[in-house]
Amino acid sequence: MVGSVVAALVVAGAVVAFAIAWRPAIAAIEPPSPQAFDAALVKRGRELAAAGNCSTCHTVRGGKDFAGGLPVPTPFGTIYSSNITPDAETGIGRWPEAAFRRAMREGVDRDGRHLYPTFPYDHFTNVSDEDDRAIYAFVMTRQPVHSPGRANQLAFPLDQRFVIAGWKLLFLHGGTYKPDSTKSAEWNRGAYLVEGLAHCGACHTPRNALGAERVSAAFAGGDVDNWHAYAINAQSPAPVPWTAEALYAYLRNGWQADHGVARGPMAEVVSNLSSVPDSDIRAIASYMADVFGAPAPGRKQGVEDVLAKAKSPPAAAAKLEPVGAAIYAASCAPCHETGRPLPYGGVNLALSTAISGPDPRNAANIVLSGVRPVEGERSPIMPSFAASMNDAQITALLNYLRTRFSDQPAWTGVEQTVADARRTQTVFLQTSPGPNNAPAEASQRDKP
Amino acid sequence: MMTLKVNGRDHQVDAEPDTPLLYVLRDELELNAAKFGCGLGQCGACTVMVDGKAVLSCVTPLLLLEGKQVTTLEGLGSIEAPGPIQRAFMEEQAAQCGYCIAGMMMRAQALLQRNPKPSDDDIRAELEPHLCRCGTHMRILRAVHRAAHLMQTADASTGRRSAQ
């Protein structure tokens, strides 16, 4: 009797699990000709794909656009991005629009296989049918590239895709974005983009043990490619609080005079945003300014206050870190203390979030790699100091900068951070831009 | 007082630890190949090699050079016996006004020591931090390729003593 109940339960469980995990294949189509898509729709899709930062993960440095193959390191193993060109064999050329929409909304491919949530469908589920149609039109009119996918490196049981169905049960809350009628149209547009296609939380929200964003800590700061993605809510470590106007300028230009320069993965985001219309950037800025909220009482308010404070005698810091002080005077101050505004001068480091942030990763990365010019633009530049400073010297410099320009407690483990940053950057710095030099690790792909 | 090793020789230098290397090279040691361009590490004219790597001497304070080998363009050869990189730049007539060229040669030398057969893309990427307003870029590219070739042939022996 007991045995048959257990057997019935096992069977029932298996049926339920199957029902949860199983997704049907969607019939393949003949790859549609590019002329089959309306040009205006394709153009709209191009802007949306830029807002979605699609190319950053689906294109390998020096590789063909959207052909995939980028290794994305995760705590669970390495997952490779897929080929989303309209190639019939290795891309999505045989996917009907319904299959594309299902992938965006449910994270399931045309064959019915669950996709790993490195593809941020927990955000893309918010994208409207209309926008999915435009993005589909855009990707289906790209150059098809024959490039077979690479096998993910995941241990059992995570290499079993049905496991993802369980993850989705916990963390994928379907349904497109519902506007908040108490807010402005611009705010709602911004929320739709930020929570959906732009998937800002994928980097800026910390993740839990199962790799899902912690809803209760939205925008509280996360990690990406050996960079820290700063908190962009009330916990923001920026010395001067962000405003909608400042956010707009930063996202539009890649730098903002009171905050500094977008670097690392954020530089790619801003670069992609350059083809997104002004109205959408304003909408994102408007919504995010609300997420940042009013600055906490006692927080430094204006640029003048911050700079005035930074002018106070640095004697204590210099005494504490004489080596760092001397390096700063010779290597950093010529640009960062001339008073010339960005983009021609460096930002005063009292305004820099890298110095006031919770860990020294971003500051270490930037000292090592510098900032390369953006072609055809007035953009800030900074030389790399990887060849002239050793880890101990950069550590002394960072300790000095923290003491001198921030009222936050000293960082810990700075020398280890610098050593890690140098290790992940060495290959990148020596990699030539040729197509055969695609880095093996995603952490080396950023363009600071 | 610190000991600064430049082109294989030890120099006793009496300067503050935050003095930029460029000032010491030009003002104290009278090694004038490295040029003052912007003073901000943004133009590349002041480039020298430190332990074989290209470094911007205008933003490199002396204290970073303790125990390290500095090589300037003077260390790569002389007028009588130019090194391969210098010969190549002369043979390709890669200088117009020449102000940027010493820096270009130093970074190219560092590149060739690391990568004896660079591609055009390698050279372009490497020399990106260097500004040249005359516009001899194509000749500079050819000169670096020529230097790579010279370094691999026997008659480039004049450059052997360089390469620190």
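The model shown is predicted, which means the values in this text are computed figures rather than measured ones.

## Remarks on the pairing of strand β2 (residues 77-80) of chain A
Residues in a regular strand point their side chains to alternate faces of the sheet.
Residues and elements named next belong to chain A.
Right, on to step 1. Note that strand β1 (residues 71-74) and β2 share 4 bridges and pair antiparallel. For Thr-74, the partnering residue across the bridge sits in β2 and is Gly-77.
Right, on to step 2. Hairpin connection from β1 to β2: 2 residues lie between these consecutive antiparallel strands.
Right, on to step 3. Bridging between β2 and strand β3 (residues 153-154) involves 2 bridges; their strand directions are antiparallel. Each residue of the ladder has a partner; that of Gly-77, found in β3, is Leu-154.

## Focus on helix α1 (residues 21-28) of chain B
Residues and elements named next belong to chain B.
Right, on to step 1. Among the residues of α1, those classed as buried are Leu-21, Leu-22, Val-24 and Leu-25.
Right, on to step 2. Packing partners of the buried residues in α1 comprise β1 (2-6), β2 (9-13) and β5 (69-71).
Right, on to step 3. The first or second residue beyond α1 is Glu-30, which carries a positive phi of 55 degrees.

## What about the sheet that holds β1(A)?
Right, on to step 1. Taken in spatial order, the 3 strands of this open sheet run β1-β2-β3 (chain A), and their pairing is antiparallel. Two strands close off the open sheet at either side, each with one partner strand: β1 and β3 of chain A.

## Re the sheet that holds β5(B)
Residue and element names in this part refer to chain B.
Right, on to step 1. Reading across from one edge, β2-β1-β5-β3-β4 is the order of the 5 strands in this open sheet, with mixed pairing throughout. For this open sheet the edge positions go to β2 and β4 (53-56), each flanked by a neighbour on one side alone. The sheet shows a mean angle of 40 degrees between the axes of neighbouring strands, direction not considered.
Right, on to step 2. Bridge analysis of strand β3 (residues 47-50) against β5 gives 2 bridges, and the strand direction is antiparallel. Bridge pairing in β5 places Val-50 opposite Val-70.
Right, on to step 3. Relative to β3, helix α3 (residues 101-114) is tilted by about 30 degrees, and along the sheet it contacts β3 and β4.

## Brief notes about the nonpolar core
Right, on to step 1. Judged by nonpolar contacts, the single largest core of 155 residues is most densely connected at A:Ile284 and B:Ala147.
Right, on to step 2. When residues in this core are grouped by element, the largest group, 9 residues, is from α3(B).
Right, on to step 3. For B:Ala147, the contacting residues outside a window of four places in its chain are B:Pro84, B:Ile85, B:Ala88, B:Ala108 and B:Leu112.

## A few points about the environment of A:Ala410
Residue and element names in this part refer to chain A.
Right, on to step 1. Take Ala-410: it is sitting in the loop between α18 (391-405) and α19 (414-429).
Right, on to step 2. Sequence separation between Ala-410 and Trp-187 is 223 residues; the distance between their C-alpha atoms is 38 Å.
Right, on to step 3. Each residue touching Ala-410, except ones within four places of it in the same chain, is listed here: Asn-399, Arg-402 and Thr-403.

## Details of the interface of chain B and chain A
Right, on to step 1. At the junction of the two partners, chain B supplies 22 residues and chain A supplies 17 residues.
Right, on to step 2. Going through the elements one at a time, β4 and α4 (120-126) of chain B are the ones with two or more residues in the side of chain B that touches chain A.
Right, on to step 3. Among the elements that make up the side of chain B that touches chain A, the one with the highest residue count is β4(B) (4 residues).
Right, on to step 4. Class assignment for the residues of the side of chain B that touches chain A results in 13 nonpolar, 5 polar and 4 charged.

Cut-offs and rules
Residues numbered from 1 in each chain as written. Chains lettered and ligands numbered in written order. Predicted model: local features only at pLDDT ≥ 70, side-chain atom pairs only at ≥ 80, totals over all residues. Pairing = 2+ DSSP bridges. Helix = DSSP H or I, 4+ residues; strand = E, 2+ residues; numbered from the N terminus. Buried ≥ 20, exposed ≤ 12 C-beta atoms within 10 Å, placed from the backbone. Contact = placed C-beta atoms within 7 Å. Axes fitted to C-alpha atoms, helices over the stretch in contact; angles between N-to-C directions. Core = buried A, V, L, I, M, F, W, Y, C linked by C-beta atoms within 7 Å. Nonpolar A, V, L, I, M, F, W, Y, C, P; charged D, E, K, R; others polar.

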